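Here are the chains, one letter per residue:
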Amino acid sequence: MLEKLTLNPFKQCIRLYVIMSFRVMLMSEETVEFTNDKDSEHFDVLIVGAGLSGVAAGVYLNKYCPGENFLILEAEESYGGTWWTHRSPGIRSDSDLHTFGYSFKPWVGPPIATASEILAYMGEVIKENHLEKSIRYKHRILRANWFNAEKQWFIEAECLENKERKHFRVNFLWMCQGYYRHNEGFTPNWDGVSDFKGRIAHPENWPEDLDYRDKKVVVIGSGATAATVVPAMASSAKHVTMLQRTPTFFRTGRNAIEIAETLRELNIDEAWIHEITRRKIMHDQTKFTARCRSEPEEVRDELIGNIRDLLGPDYDVEKHFTPPYRPWRQRIAFVPDADLFKSISDGKASVVTSQIDKFVCEGIQLESGEILEADVIVTATGFNMNVMGDIDFAIDSAPLNFHDTVTYRGMMFTGVPNLAWVFGYFRGSWTIRSEIIAGFVCRLLNHMKNNGAKSVEPALRKTEQDMALFDWMDDEDFNPNFLKRACPILPRRGDSDEWKHTQDHWREQTDFPLIDLDDEVFIYHGIDNSVMTAERE
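Predicted, not measured: the structure shown is a model, and the values here were computed from it.

**Q** What is the right way to look at the sheet that holds strand β26 (residues 531–532) in this model?
**A** Hydrogen bonding along the main chain pairs the strands of a sheet, whether they run parallel or antiparallel. One open sheet holds the three strands; their spatial order is β24-β25-β26, and the pairing between them is antiparallel. Looking at the sheet topology across the chains shown, the edges are occupied by β24 (455–458) and β26. In the sheet, strand β25 (residues 522–525) pairs with β26 via two bridges, with the strands oriented antiparallel. For Tyr-524, the partnering residue across the bridge sits in β26 and is Met-532. Contacting β24, β25 and β26, helix α12 (residues 430–451) crosses the sheet at an angle of about 40° to β25.

In structure tokens, the structure reads:
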């Protein structure tokens with residue numbers, strides 16, 4: 001337990017008055033200003049984002065911290081995150097909904113779901129858990145400034161409907177906004193783009209009026225988005241060409257989970273089916289990831305052999321579907337019912353593996369000089385990470401650079417009080433970690449409340465002060481381009497599991513509930529900024 005503080009209310013009021021008076025004189029135009037309580041609303045917890053992670057956070061707060069007053073701010077006009085903003089053809093999950101969905105809400109449809117199905121599911125969760133009143137849409141956070149004297153985050157947001165500025169004071173900030181810019185996909189700077197006479201579309205900014213029926217389409221990219229867009233467009237386009245710089249590993253299978261089907265035949269309750277299926281999938285994913293490390297050549301042969309079986313012995317699988325890296329160094333996309341490969345076999349789609357020289361009037365010129373003719377070009381070339389929602393963060397008005405911090409278990413940061421960040425799994429469903437972190441945050445909030453602590457932040461122990469520090473992710477373990485581009489703005493990691501995002505959901509689901517909240521790694525402060533230490537035997 002923490003040692004509770006005995007405070008002198010009169011001295012504390014005088015101290016706060018002096019600090020605030022001095023701060024007002026030093027405030028610049030960029031500082032979030034609050035002159036009195038009428039200027040802002042107060043909440044115990046502010047959740048940023050109403051996607052899968054933000055909704056999970058709200059559900060957990062309602063259930064495990066019923067006394068906490070919280071608000072969810074969402075920049076879009078509805079909930080759903082990716083599943084609301086992405087409108088490209090065939091948009092669907094590339095993770096199964098038994099694990100991508102919530103543990104507390106059984107998924108009863110096909111495991112790979114469309115955006116509309118996911119949104120309907122989330123809508124049910126919001127309604128069943130009475131979250132409607134706690135979400136404010138079209139509110140974009142501009143700045144977040146933590147003041148040590150007040151032990152609060154001062155938030156400035158913009159109401160996108162009327163451009164009015166809104167101010168909030170919050171005790172705890174829960175970042176659930178995802179990790180990329182929803183309105184700006186990554187597009188390389190190709191030469192000659194303005195020379196192309198057709199339409200160009202990025203899946204993150206899909207134009208509603210784009211008509212590709214009976215048109216020649218080139219899709220640049222080879223990841224999960226391309227694997228979704230190509231078969232969807234091939235059904236009505238004249239022809240679709242998937243143009244890739246390097247191949248990607250794919251897994252294929254029926255859009256069904258055998259164990260779930262068997263349990264339904266036995267009339268097992270859906271809640272049981274959901275939990276058993278989730279555990280089976282997570283167990284299998286953990287084993288497969290371990291195999292990718294311990295026997296990469298065998299896994300590689302299995303994955304490529306499956307593609308060869310789908311496309312036949314005469315197809316050049318070695319050139320178009322054999323990546324130069326070991327399996328799972330980049331994300332492996334799942335293709336339900338092998339629809340991408342059926343489109344290729346049927347001649348509706350094709351694959352070209354080459355480098356782009358430049359865009360030309362009639363399409364794309366490759367380094368070989370060959371020209372791919374196109375009426376429509378889709379740039380499925382990835383996304384831009386924004387790490388913390390492109391929010392200007394500060395501590396006592398001093399700009400905060402998260403690259404100067406060290407992450408605690410991929411969710412908190414040294415020197416940053418009362419903040420938790422949801423960053424999911426690359427090799428498993430994002431939502432699994434959203435719930436693991438939600439459970440931890442609720443335990444932490446209750447622990448602080450019970451012991452009178454007003455702030456908490458992780459800190460390296462005395463024995464860890466000289467610990468070696470590295471970029472957020474080990475390049476040898478996982479190295480997609482979007483992550484490498486973002487390393488300069490991501491927090492750093494240490495050399496032990498506590499000081500990194502391990503990407504190990506099988507271990508974290510057991511370890512996180514057992515984290516000792518009285519460990520010296522957690523630095524608690526009372527209202528007068530005194531350090532609250534744990535009682536030791």
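**Q** What's the story with helix α5 (residues 115–128) in this structure? I'm lost.
**A** Residues separated by three or four positions in an α-helix point in the same direction, a consequence of the helix having 3.6 residues per turn. Taking 1.5 Å per residue as the helical rise, α5 with its 14 residues ought to reach 20 Å, and the 20 Å between its terminal C-alpha atoms agrees with that figure. By the burial criterion, the buried members of α5 are Ala-115, Ile-118, Leu-119, Tyr-121, Met-122, Gly-123, Val-125 and Ile-126. Buried residues along α5 sit in contact with α2 (52–64), α3 (82–85), α4 (97–100) and β3 (135–136). His-130 sits one or two positions beyond α5 and adopts a positive phi of about 55°.

**Q** Would you explain a nonpolar patch on the surface in this entry?
**A** Taken together, the side chains of Leu-266, Ile-268, Trp-272 and Ile-276 define a hydrophobic patch exposed on the protein surface, amounting to about 410 Å² of accessible area. Checked against the element boundaries, Leu-266 lands in the loop between α7 (258–265) and α8 (270–294). A relative accessible area of 56% means that Leu-266 is categorised as exposed.

**Q** Looking at this structure, how should I read the pairing of strand β6 (residues 164–175)?
**A** A regular strand places its side chains on the two faces of the sheet in alternate fashion. Of the strand pairs in this sheet, strand β1 (residues 41–48) and β6 are connected by seven bridges, and their pairing is parallel. The partner of Ile-47 across the bridge, within β6, is Trp-174. Bridge count for strand β5 (residues 152–159) against β6 is seven bridges, and the pairing is antiparallel. Across the sheet, Cys-159 pairs through a bridge with Glu-164, a residue of β6. Counted between consecutive antiparallel strands, the loop separating β5 from β6 contains four residues, among which Lys-163 sits at a positive phi close to 65°. Here β6 pairs with strand β23 (residues 419–421) via three bridges, running parallel.

**Q** Quick question: what am I supposed to make of the packing of aromatic side chains here?
**A** Given two aromatic rings, one states the distance between the centres and the angle between the planes to describe the pair. Taken as a whole, this structure holds 35 aromatic pairs when the rule is applied. It is Arg-251 that lies over the ring of Phe-288; its NZ or CZ is 3.9 Å from the centre. The cationic tip of Arg-485 hangs over the ring face of Phe-186; the distance from NZ or CZ to the ring centre is 3.6 Å.

**Q** Teacher, can you tell me more about the nonpolar core here?
**A** Among soluble globular proteins, nonpolar side chains are generally buried collectively. Trp-153, Trp-174 and Phe-393 are the most contacted members of the largest nonpolar core, which has 142 residues in total. The dominant element in this core, judged by the number of residues it contributes, is α12, at 11 residues. Among the nonpolar cores identified, the runner-up in size contains 13 residues, and Ile-220, Leu-243, Leu-372 and Ile-377 belong to it.

**Q** Would you mind showing me how to read unusual backbone geometry here?
**A** Negative phi values dominate among residues other than glycine, just as trans dominates among peptide bonds. In this structure, Lys-163 is a non-glycine residue whose phi angle is positive, near 65°. Within the secondary structure, Lys-163 sits in the loop between β5 and β6.

**Q** Even after reading the chapter, I still don't get the packing of α8 against helix α9 (residues 296–311), so can you show me in this structure?
**A** The geometry of a pair of packed helices is captured by two quantities: the angle between their axes and the separation between those axes. Following both chains from N to C, one finds α8 and α9 inclined at 115°, their axes separated by 5 Å at the closest point. Contacts from Phe-288, Arg-291, Cys-292, Arg-293 and Ser-294 in α8 reach Pro-296, Glu-298, Val-299, Glu-302 and Leu-303 in α9.

**Q** Explain the packing of α2 against α12 here, please?
**A** Running from amino to carboxyl end, α2 crosses α12 at an angle of 35°, the nearest separation of the two axes being 9 Å. In this structure, α2 meets α12 at a crossing whose hand is right-handed. Residues Leu-52, Ser-53, Ala-56, Tyr-60, Leu-61 and Tyr-64 of α2 form the contact with α12, whose own contacting residues are Trp-430, Thr-431, Ser-434, Glu-435, Ala-438, Gly-439, Cys-442, Leu-445 and Asn-446. In terms of residue class, the contact of α2 with α12 is made up of nine nonpolar, five polar and one charged.

**Q** Can you help me understand the pattern of salt bridges in this one?
**A** If charged atoms from side chains of opposite charge come close, those side chains can pair. Applying the stated rule across the entire model yields 33 salt bridges. For Glu-161, the salt bridge is made with Lys-138, and the minimal N-O distance between the two is 3.6 Å. Of this pair, Glu-161 sits in the loop between β5 and β6 while Lys-138 is found in the loop between β3 and β4 (139–147), placing the two residues 23 residues apart along the sequence. By relative accessible area, which is 62% here, Glu-161 ends up exposed. Asp-504 is paired through a salt bridge with Arg-507; the nearest N and O atoms lie 3.5 Å apart. Look at Asp-504 and you get partly exposed, because its relative accessible area is 21%. Judged by its relative accessible area of 36%, Arg-507 is partly exposed.

What counts and how
Residues numbered from 1 in each chain as written. Predicted model: local features only at pLDDT ≥ 70, side-chain atom pairs only at ≥ 80, totals over all residues. Heavy atoms only, no water. Pairing = 2+ DSSP bridges. Helix = DSSP H or I, 4+ residues; strand = E, 2+ residues; numbered from the N terminus. Contact = heavy atoms within 4.5 Å. Axes fitted to C-alpha atoms, helices over the stretch in contact; angles between N-to-C directions. Expected span 1.5 Å × (residues − 1). Buried < 20%, exposed > 50% of the residue type's maximum accessible area, 1.4 Å probe, protein only. Patch = residues over 30% accessible without salt bridge, like charges linked within 9 Å, V, L, I, M, F, W, Y side chains within 5 Å. Areas by Shrake-Rupley, 256 points an atom, 1.4 Å probe, with all protein chains shown as cover. Salt bridge = Lys/Arg side-chain N within 4 Å of Asp/Glu carboxyl O. Phe/Tyr/Trp six-rings, centres within 6.5 Å; stacked < 30°, edge-to-face > 60°. Lys NZ or Arg CZ within 6 Å of the ring centre and 35° of its normal. Core = buried A, V, L, I, M, F, W, Y, C linked by side-chain atoms within 4.5 Å. Left-handed = near helix turned anticlockwise from the far one by under 90°. Nonpolar A, V, L, I, M, F, W, Y, C, P; charged D, E, K, R; others polar.

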